[in-house]
Amino acid sequence: MEPRDLYLTANRLRLHLLEWGAGERVVLLLHGFLEHAHAWDLLAPRLADAGLHVYALDWRGQGDSEWVGAGGYYHFMDYLADLSFLVPQLSERVALVGHSMGGGAAVLYAGAEPERVTAL
C-alpha cells in the first residue's frame, strides 16, 4: 500500500505527512531525530490494514516539511506547539506512536492535551 502525501499548516509552517488507510480511529506516527515520515513505511500499512487511519509526520525541518529559517528554533516546545496545531486538523482524538525524539514529543503532548490522546 502506497501512502498519500498530505500538507497541513501548523504553527506557521507547512508540514508534510504521509497517510494510509481511512478508518475512524486515527494513529499519528512521530519519527525520531534526523529521520523522516518514511521511517514508518513498514509499520504504517499494517496498521492501516488493521482498520486504522494512519498518519506519519515529517517534523519541522525534516523530510518534506518546511524549515524554520534564520532565527528559528527546533526545541521540544516547538514540536509540542506543532502538534497542538496539527492534531485537531487530523481528528478530535488520536493515538500517538513515537520513536526516540518523537516519543519525547508525544509524551509532552499527551501531558499537555490528554483529552486529545486515546493512547500513547
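The residue numbers shown here count from 1 along each chain, following its written sequence. Where totals are concerned, whole chains, interfaces and linings use all residues; where local detail is concerned, this predicted model gives features only for residues with pLDDT of at least 70, and gives and counts side-chain atom pairs only at 80 or more. With hydrogens and water excluded, all non-hydrogen atoms of the structure serve as input to the side-chain values.

Run through the packing of aromatic side chains, naming residues and quoting values.
When two rings of Phe, Tyr or Trp (its six-membered ring) have centres within 6.5 Å they constitute a pair, described as stacked for plane angles under 30 degrees, edge-to-face for angles over 60, and tilted for the intermediate range. Inspection of the entire model under this criterion finds three aromatic pairs. Here Trp 67 and Tyr 74 contribute two aromatic rings whose centre-to-centre distance is 6.4 Å and whose plane-to-plane angle is 75°, an arrangement assigned as edge-to-face. Given a relative accessible area of 59%, Trp 67 falls into the exposed group. Feature note: the residues Trp 59, Phe 76 and Tyr 79 constitute an aromatic cluster, connected by ring pairs. Here, a charge over a ring is recorded when the distance from Lys NZ or Arg CZ to the ring centre is within 6 Å and its angle to the ring normal is within 35 degrees. One cation-aromatic arrangement involves Arg 14 over Tyr 7; the distance from NZ or CZ to the ring centre is 3.8 Å. The classification of residues rests on relative accessible area computed with a 1.4 Å probe and restricted to protein chains. Under 20% of the type maximum is buried, over 50% is exposed, and intermediate values are partly exposed.

How would you summarise helix 3 (residues 101-112) if you had to cite specific residues and measurements?
Only DSSP runs of H or I covering at least 4 residues are called helices, and only runs of E covering at least 2 are called strands; the numbering of each starts at the N terminus. Working rule for helices: expected span equals 1.5 Å times residues minus one. The terminal C-alpha atoms of helix 3, which comprises 12 residues, lie 17 Å apart, in line with the 16 Å expected from a rise of 1.5 Å per residue. Here helix 3 has its buried residues at Met 101, Gly 102, Gly 103, Ala 105, Ala 106, Tyr 109 and Ala 110. In the core, the buried residues of helix 3 are packed alongside strand 3 (26-30), helix 2 (76-90), strand 5 (94-98) and strand 6 (117-119). Note on contacts: a residue pair is in contact if any heavy atoms of the two residues lie within 4.5 Å.

Honestly, it's all geometry; don't read function into it.
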